[in-house]
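# Architecture and fold: a report
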Amino acid sequence: MRAIVGLLVVCLLPTWAVAQQRPDATLRVTVVDPSGAVIVGAQVTVKPNAASGPVSPVTPVSNVSNVTSGRGDAFFGALEPGRYSIHVESAGFESYEASDVRLRAGENRREAKLEIAKLAETVQVGRDPRERASDPRGDAFATVLGQAQIDELPDDPDEMEQVLRDMAGPGATLRVNGFRGGKLPPKSQIQSVRFRRNMFAADVHEAGFMSIDITTKPGIDNWRGSTNIGFRDSALNARNVFAPVKGDERHERYGFNLNGPLWKQHTSLSLSVDGVDSFDTKTIVAATPTGLFADSIRKPNDMLNVTARLEHSLTKSLMLRAEAQRNHLRLENLGVGDFDLPERGYGQTRDEQILRGSIAGSIGKALYNALRLQWRRDDIAFTPVSTAPAVLVLNAFDAGGAQMSGTRAVDTFEIADDLDVAVGRHAIRTGFLLEGGRYNTNVLRNAGGTFTFASLAAYAAGTPTTFTRNAGDPNVAVSQVQAGVYVQDDFRARKDLTISGGVRHEIQSHVGGLHFAPRGGIVWSPFKSGKTTIRGGGGVFFDWFDAQAYEQAVQLDGTHQRIETIVQPGYPDPTVGGRALVLPPGRVQLSPSLTQPQLREAIVGVEQQLPHDVRLQTMYIHRQGSELLRGVNVNAPLDDDQRGQRPDPQSGPMTEINSIASSRFDGLSVNLNYVRPQTRFFLAANYMIARAIDETDSPFSLPADRFNLAAERGPALTIPRHRFMSLVNTPLAGRFRLGSSIRVQSALPYNITTGRDDNGDTISNDRPAGVTRNTGRGRTQVDLSTRLSYSIGFGTRTATGVQGPQIRIVRGDSGDPLRDMAGTDMQNKKYGLELYVQAFNVLNRMNALNFSGVITSPFFGQATSAAPPRRIEVGTRLSF
């Protein structure tokens, strides 16, 4: 018997010893308001569930409470792993309850988003599933990237922005802390990225395209930061298929950021500096009189961005944010590549300064207000390599000067305010947007003149089709102001049904008309489980008349500058030889009936939560555009004779910008998200099939035949028929992690023209008989990119309770499993080192671009350039 007991003791002793060594759990709870601002002084209570077992001896068995610090966090240490309940209270807000929170050994994080008293806006863990799913401002039909996914995005801010835009699709609007424009912050300062499709809320100006909302991290209890470098060289890159030899390339990127308190528990500061010193190559493929010309040219790129961000708690429920940016960019050899020879190059210097400020917080028990202000200054200078007249042999070769020189200075401002009001079952939001700017320019475009030849044969014979030149003084200073006001009501009709309705009114200087935009929608969760959400709605949206387009129209109004045109000129002297016909001066003018373009949109969609944390979304989108801006030569000859009678014999070509074009878009989108926090695995995939038809590419786009505008209706240039995008993040063995993205899209359209000016309107964009706009098709594009990283940490951070919380400001669902994925062992280390290698276009696929649609070109129907080949970057990041 003693032997048996002894044997049992020997067998069970290791198990008992392991149990005694099981590590404790720690919990950080971040409390935020509806805008994402932290709430100071909130009472956070954590208690173990009955089935969870006792808490650690160092923690009392009774409830554990803490008050959030000035940074919005409450910290709980030495908890026994198990299941707990979290309760949060703060004056002026609804209480928060999470009844079944599982704490694992190690670090755990939770976010509690408190609603204004009697105002329930977003997803809460303790809410009825149907109520949560039918929240019009909740996370249904949204994809959220947490820290783990952000870590695997490209390290270069510009490349990261391109990946995010590829994920969102054409027309996406990108905002950082609610602001548009400026540079993206380094990814080390990004807290979350949220992809959301507007469901006809009146508080947004843009139509229901996808929006990308980026939230940055504020400062923390102690000073922390990171520094990173990245390097890419031609030795690691593949050769572009159109380059005769592999071009010499180099890309050096560096960054540094620092976060910390200026006044503990009140004020924090974030600083970041990043820059790029690089030169890539661009291929040239042209047909010259002496034969095929193929080369690649170096394109230098120097960039430096500096950002400072300040956050200050004015009161327990009011947060002040301020930000300043200073961005410098220098680019060389712009305008070179494809058919453009090296002498067509020009340089551009851009200096950008941005000041931003916002105040957000609750007012009493039923009001919440967010005010944003932004000022932005851009100084841009253009320097050409050559000032010689340009020579364009359509889709064969382009020589001569770039016809771009001068400076441009732009001052713009934005003021926006949103007020939320809770009235019973109504969640009312109202506010305004005011934008304006002053634009000063002396940029000379086409001041040296341009010869246009229909073909190489015409160039050899010295017979241009036209010679055009902009003559006069380009100095103009114009102003533009635009504003919008709105009111929106989300009415909770039932626990499972919310009905929304609103109206927005917009007005813009230089554009007439009343622009009232009614919008409405429903969100319905028909089943008790809340795993099915049905959304539908419709509304009217208006687009702004672009300020730069207005600026150029004023420059070429016939008073500041005039358009000189010679038909069948001589060459190289346009006035000597040939059958030169000098037309009277031309100009650009705005139609008296110009108005804001209008978009009418309707969407219906279903989201289904499947087993194993899989979310499947399907959505049908219909969009109808009217009164879109297009240019029309209202003084074209009444017949096809260039020397024939024009409506105004005293004027040459007159481009009038009219609101007469239309468009249509129909698309079916399928989106799948899969998150497994336990293994930090994430998958997001989207497929869209779409049919997009429009009649113009820009306000200055001219029709091939002004008397047959119906022939301009054709496929939109930038929207493919099929599009697939996927992002995957997964851990590998040891400390390795892999992130991959793939983008596949079907062929984009291109226009087919004869290369001649058969109708005498002085524009060489005529099409063959029976051919409509954009009927050519390119090729399918496939781009697979990947990032492999290895991370290691040194030292251990010391938990400091309330005095040392880590701030996490994330808009959205506090129960989102992505929040858990951000809590890695690396965040507990005092120092962290990451080594990475990232590759773009891993398959080295030749993604053909620039298909020639000019019948007289020797390259007709062929691609003459390609997207970059495989590129590999290596780098490291040190955090401290």
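See the structure printed just above.
Note that this is a predicted model, so its numbers are computed, not measured.

Taken in spatial order, the six strands make up an open sheet running β20-β19-β24-β25-β30-β31, and their pairing is mixed. Single-partner strands in this sheet number two, and they are β20 (397–399) and β31 (581–582).

For the rest of this paragraph, the subject is the nonpolar core. By size, the foremost hydrophobic cluster in this structure holds 23 residues, and its most contacted members are L145, L164, L184, V193, F195, I212 and I214. Elements supplying a minimum of two residues to this core: α4 (157–168), β9 (173–176), β10 (190–197), β11 (210–216), β36 (681–694) and β38 (722–731). Here this core gets five residues from one element, more than from any other, and that element is α4. Discounting chain neighbours no more than four positions away, the residues touching I212 are L164, R165, A168, A172, T173, L174, R175, V193, R194 and F195. Counting residues in each nonpolar core, the second largest holds 21 residues, with L27, V46, I86 and L103 among its members.

Judged by side-chain polarity, F231, L236, L732, F736, L788, V837 and V874 come together as a nonpolar surface patch covering roughly 500 Å² of accessible area. Here L236 is to be found in the loop between β12 (224–233) and β13 (250–263). Overall, L236 belongs to the partly exposed group, its relative accessible area being 34%.

In total, this model carries 37 salt bridges according to the counting rule given. One salt bridge connects E712 with R767, and the closest N-O pair in it is separated by 2.5 Å. With E712 in the loop between β36 and β37 (714–715) and R767 in the loop between β40 (749–750) and β41 (776–777), this pair connects stretches of sequence that are 55 residues apart. The exposure classification of E712 matches that of R767, with both residues buried. For E834, the salt bridge goes to R787, with nearest N and O atoms at 3.2 Å. A residue pair is termed long-range when its members are at least 10 positions apart, and E834 in strand β43 (residues 831–840) and R787 in strand β42 (residues 781–794) qualify at 47 residues. Each member of the pair, E834 as well as R787, carries the same accessibility label: buried.

Quick look at unusual backbone geometry now. Residue Y571 is joined to P572 through a cis peptide bond whose omega torsion reads 10°. Mapped onto the fold, P572 is located in the loop between β30 (561–567) and β31. Of note, the phi angle at N333 is positive, near 60°, even though the residue is not glycine. One can find N333 in strand β16 (residues 318–334). A residue is classified by how much of its surface remains accessible, and N333, at 18% relative accessible area, is buried. Its identity is not glycine, yet N850 carries a phi of approximately 55°, on the positive side. Here N850 lies in strand β44 (residues 848–851).

Another point: helix α6 (residues 547–555). Among the nine residues in α6, seven count as buried, and that is most of the element. Along α6, the residues that are buried comprise A547, A549, Y550, E551, A553, V554 and Q555. The N-cap residue of α6 is D546: its side-chain oxygen and the backbone nitrogen of Q548 are 3.1 Å apart.

Moving on, we get to the packing of aromatic side chains. One pass over the structure, following the stated rule, counts 13 aromatic pairs. Pairing F453 with Y571 gives two aromatic rings, centres 5.2 Å apart and planes at 90°, and the pair type is edge-to-face. A residue pair is termed long-range when its members are at least 10 positions apart, and F453 in strand β24 (residues 450–453) and Y571 in the loop between β30 and β31 qualify at 118 residues. For F453, a relative accessible area of 0% gives the class buried. Overall, Y571 belongs to the partly exposed group, its relative accessible area being 31%.

Scoring rules and cut-offs
- Residues numbered from 1 in each chain as written.
- Predicted model: local features only at pLDDT ≥ 70, side-chain atom pairs only at ≥ 80, totals over all residues.
- Heavy atoms only, no water.
- Pairing = 2+ DSSP bridges.
- Helix = DSSP H or I, 4+ residues; strand = E, 2+ residues; numbered from the N terminus.
- Core = buried A, V, L, I, M, F, W, Y, C linked by side-chain atoms within 4.5 Å.
- Buried < 20%, exposed > 50% of the residue type's maximum accessible area, 1.4 Å probe, protein only.
- Contact = heavy atoms within 4.5 Å.
- Patch = residues over 30% accessible without salt bridge, like charges linked within 9 Å, V, L, I, M, F, W, Y side chains within 5 Å.
- Areas by Shrake-Rupley, 256 points an atom, 1.4 Å probe, with all protein chains shown as cover.
- Salt bridge = Lys/Arg side-chain N within 4 Å of Asp/Glu carboxyl O.
- Polar contact = N/O pair within 3.5 Å; in protein donor to acceptor, adjacent residues only side chain to side chain.
- Phe/Tyr/Trp six-rings, centres within 6.5 Å; stacked < 30°, edge-to-face > 60°.

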